[in-house]
Every structure is written in C-alpha cells, then in structure tokens.
Amino acid sequence: MRSGDFRRILSLCDLRQSDAAWMCGVHPRQVRAWVNGEYPVPQYAGLLLLAYQEGLLSPKWLASKIEVPPP
C-alpha cells in the first residue's frame, strides 16, 4: 500500500493517525512516517486498515482485542 492510499483510507474512515497507531501497535510517529512516505506502509498495517474500511473489523471488536486503551 502506498502512503497516499493509507492517508486516503484514514480520511475515509475518519481515523486519526493516533487511532491507526493504536490499531497497529506502533508509536504515532511511525504512522506519521508512513503517511508522509518516509517509510513504506507495512503489509499488516495496510491490510488491517483495509479490513476496517470494508467493515470486517468494528471499533468495538478492536477495542475488545487490543489491551492498550484507545487514544
């Protein structure tokens, strides 16, 4: 996934970069680097965001599976 695609999905899903960082288990600076094209978006992050966009993962389900509280 390209950084522009990642940024577009964040926008379409009304997600903040900090939300994506929480979902992916990374620091928000890492997501910022993906969005800015400084580092490639890892396959797992792209797939996770696509699944969220397509409604395969709900916010409630994610919150129940991720031990760290949402931002």
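Relevant structure appears above.
Within every chain, residues take consecutive numbers counted from 1 along the sequence as written. Reporting in this predicted model follows two pLDDT cut-offs: at least 70 for local features of residues, and 80 or more for side-chain atom pairs to be given and counted; totals over whole chains, interfaces and linings ignore these cut-offs and use all residues. For the side-chain quantities, the full set of heavy atoms in the structure was used; hydrogens and water were omitted.

### A closer look at the overall build of the protein
1) Next: A run of H or I in DSSP becomes a helix once it reaches four residues, and a run of E becomes a strand once it reaches two; helices and strands are each numbered from the N terminus. In terms of regular secondary structure, the protein is built from five helices and zero strands.
2) Next: In sequence order, the protein lays out its α and β elements as α-α-α-α-α.
3) Next: For 71 residues, the compact-globule estimate of 2.2 N^0.38 gives 11 Å, and the C-alpha radius of gyration of the protein, at 11 Å, lies within 12% of that figure.
4) Next: Overall size of the protein, expressed as C-alpha extent along the three principal axes, is 30 × 25 × 20 Å.
5) Next: Burial classification: accessible surface area is computed with a 1.4 Å probe over protein chains only, and a residue below 20% of its type maximum counts as buried, one above 50% as exposed, and the rest as partly exposed. Looking at the protein as a whole, 34% of its 71 residues are labelled buried.
6) Next: Relative to all contacts within the protein whose residues are 6 or more apart in sequence, the contacts with residues 24 or more apart total 58%.
7) Next: Only the protein chains shown count as cover for residues, with accessible areas throughout obtained via the Shrake-Rupley method and a probe of 1.4 Å. In the form shown here, the protein has an accessible surface area of approximately 4,700 Å², with 53% of it arising from carbon and sulfur atoms.
8) Next: Residues scored as positive are Lys and Arg, those scored as negative are Asp and Glu, and His as well as the terminal groups of each chain are ignored. Positions of charges follow a simple convention, taking NZ of Lys, CZ of Arg, CG of Asp or CD of Glu. Positive and negative side-chain charges in the protein, numbering 8 and 6 respectively, have mean positions lying 2 Å apart. A radius of gyration in this sense is built from C-alpha atoms; the matching globule rule multiplies 2.2 Å by the number of residues raised to 0.38. A contact between two residues is defined here by any heavy atoms of the two lying within 4.5 Å.

### A word on the nonpolar core
1) Next: Phe 6, Leu 10, Leu 15, Met 23, Val 31, Trp 34 and Leu 49 are the most contacted members of the largest nonpolar core, which has 21 residues in total.
2) Next: When residues no more than four places from it in sequence are discounted, the contact partners of Leu 15 are Leu 10, Met 23, Leu 49 and Tyr 52. Throughout this description, the term nonpolar core refers to a set of buried Ala, Val, Leu, Ile, Met, Phe, Trp, Tyr and Cys residues connected via side-chain atoms within 4.5 Å.

### As for helix H4 (residues 43–53)
1) Next: Where H4 is concerned, the buried positions are Ala 45, Gly 46, Leu 48, Leu 49, Ala 51 and Tyr 52.
2) Next: Positive phi shows up at Gly 55, right after H4, with a value of about 80 degrees.

### Notes on the state of the cysteines
1) Next: The rule for a disulfide is simple: a pair of cysteine sulfur atoms within 2.5 Å. Going through the model one piece at a time under the given rule, you end up with zero disulfides.
2) Next: Not engaged in a disulfide, the cysteine Cys 13 finds its nearest cysteine sulfur in Cys 24; these two sulfurs lie 12 Å apart.
3) Next: According to the relative accessible area criterion, Cys 13 is buried, its value standing at 17%.
4) Next: On the basis of relative accessible area, Cys 24 is assigned to the buried category, the value being 14%.

### Let's talk about the packing of aromatic side chains
1) Next: Pairs were defined over the aromatic rings of Phe, Tyr and Trp, the Trp ring being its six-membered one, requiring ring centres within 6.5 Å. Orientation was assigned from the angle between planes: stacked under 30 degrees, edge-to-face over 60, tilted for the rest. Counted under the stated rule, the structure contains one aromatic pair.
2) Next: Here the aromatic rings of Phe 6 and Trp 34 are separated by 5.7 Å at their centres, their planes lie at 90 degrees, and the arrangement is edge-to-face. Taken together, the residues span a long stretch of sequence, with Phe 6 in helix H1 (residues 3–12) and Trp 34 in helix H3 (residues 28–35) at a distance of 28 residues. Comparing Phe 6 with Trp 34, the two get one shared label, buried.

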